[in-house]
Amino acid sequence: MRANLRRALEAALGSKTEEATPVSGGDINDAYRVALEGKTAVFVKTHASAPPGMYEAEADGLGWLDESKALRIPKVLAYSDEEPAFLAIEWLAPGRPNPGFESALGQGLAMLHRSGAPSFGHRRDNFIGRLPQDNQSNDTWASFYWERRLEPQIRLAVDRGLLRDTTRSACRALEARIAERTGAPEPPARLHGDLWGGNLHADADGQPCLIDPAVYGGHREVDLAMMRLFGGFGTRVFDAYEEAFPLERGARERVPLYQLYPLLVHVNLFGGGYESAVERALRAVL
């Protein structure tokens, strides 16, 4: 850990640091388990070139999820978006999922979604990965999903030359049909926003915890579709969710539509190798 980061942490936390051990922190950040004086530990993530406001936005998102009291969310301890930029949160010692882990996750996610949001959007913009995420509110979910989620990612991918003409044409066709594809109207749900398996954690008691959000008010099927995209969630999770908060008719057919956003994000973060998955999702939607 850099000396200036250590000094900034000590100033923000009001405690001396005794040891910093590198741990897994995802694809973007460097991450550490930092032992403080008195043996308390915290989790710290940092990035030498963090986009301005990234850690403040994540701190806001963690707090917003925690307001629901639906699932365990690590407490924010300190953050800075000035050099050295960092986020310090509660250290959640890892454990093995207990026998009720999947049911607790499904029921907790239903409770999180039911806790709702004031609008489609959020009180501030934030990030998904290192890409900016526009959270300006829209009156309808269909207009929000197109204007604030799909269209910005499509435009970025086109500008970078990452989408073929056929894919661009399919995107234009979806724009014309978006209102009829998004399902029956529902009130805004409180979304994690980036709910893949890497952002699920089992604590020392084997209970589910959520980390690394990209929050906003949106359609609850977004989180569920993301969970199905890369795996890592058992059937019991979805069954428990359905028992607690039944989905509207046609939800299964809408999964590809709501996977389009994370797939386009992956195109822009990791390259055009994900374009074929975007094309498959578009074919399923259209």
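Structure's up top.
Here we summarise the structure given alongside this text. Nothing here was measured: the structure is a model prediction, and the numbers come from that model.

Describing the packing of aromatic side chains
Scanning the model with the defined rule gives nine aromatic pairs in all. Taking 5.1 Å as the distance between ring centres and 70 degrees as the angle between the ring planes, the aromatic pair formed by Tyr-145 and Tyr-258 counts as edge-to-face. A residue pair is termed long-range when its members are at least 10 positions apart, and Tyr-145 in helix α4 (residues 141-159) and Tyr-258 in helix α8 (residues 251-270) qualify at 113 residues. Of note, Arg-149 hangs over the ring of Tyr-216, and the distance from its end group to the ring centre comes to 4.0 Å. The ring of Phe-245 carries Arg-220 above its face, with NZ or CZ at 3.6 Å from the centroid.

Description of the environment of His-201
On the secondary structure map, His-201 appears in strand β9 (residues 200-202). Among the residues examined, His-201 registers a relative accessible area of 19% and is labelled buried. Once you skip the residues sitting within four places of it in the chain, His-201 turns out to touch Leu-92, Ala-93, Pro-94, Phe-101, Gln-207, Pro-208 and Cys-209. At a separation of 3.0 Å, a polar atom in the side chain of His-201 contacts the main-chain carbonyl oxygen of Leu-92.

Examining the nonpolar core
Ranked by size, the top nonpolar core spans 38 residues in total, and within it Trp-141, Tyr-145, Leu-150, Leu-174, Leu-257 and Leu-260 carry the most contacts. If you tally residues by element for this core, the top one is α8, at 10 residues. Discounting residues that sit within four places of it in the chain, Leu-257 has contacts with Tyr-145, Leu-174, Ile-178, Arg-181, Thr-182 and Val-285. Formed by 35 residues, the second largest nonpolar core is a distinct cluster that contains Tyr-55, Leu-105, Ala-110 and Phe-127.

Definitions and limits used
- Residues numbered from 1 in each chain as written.
- Predicted model: local features only at pLDDT ≥ 70, side-chain atom pairs only at ≥ 80, totals over all residues.
- Heavy atoms only, no water.
- Phe/Tyr/Trp six-rings, centres within 6.5 Å; stacked < 30°, edge-to-face > 60°.
- Helix = DSSP H or I, 4+ residues; strand = E, 2+ residues; numbered from the N terminus.
- Lys NZ or Arg CZ within 6 Å of the ring centre and 35° of its normal.
- Buried < 20%, exposed > 50% of the residue type's maximum accessible area, 1.4 Å probe, protein only.
- Contact = heavy atoms within 4.5 Å.
- Polar contact = N/O pair within 3.5 Å; in protein donor to acceptor, adjacent residues only side chain to side chain.
- Core = buried A, V, L, I, M, F, W, Y, C linked by side-chain atoms within 4.5 Å.

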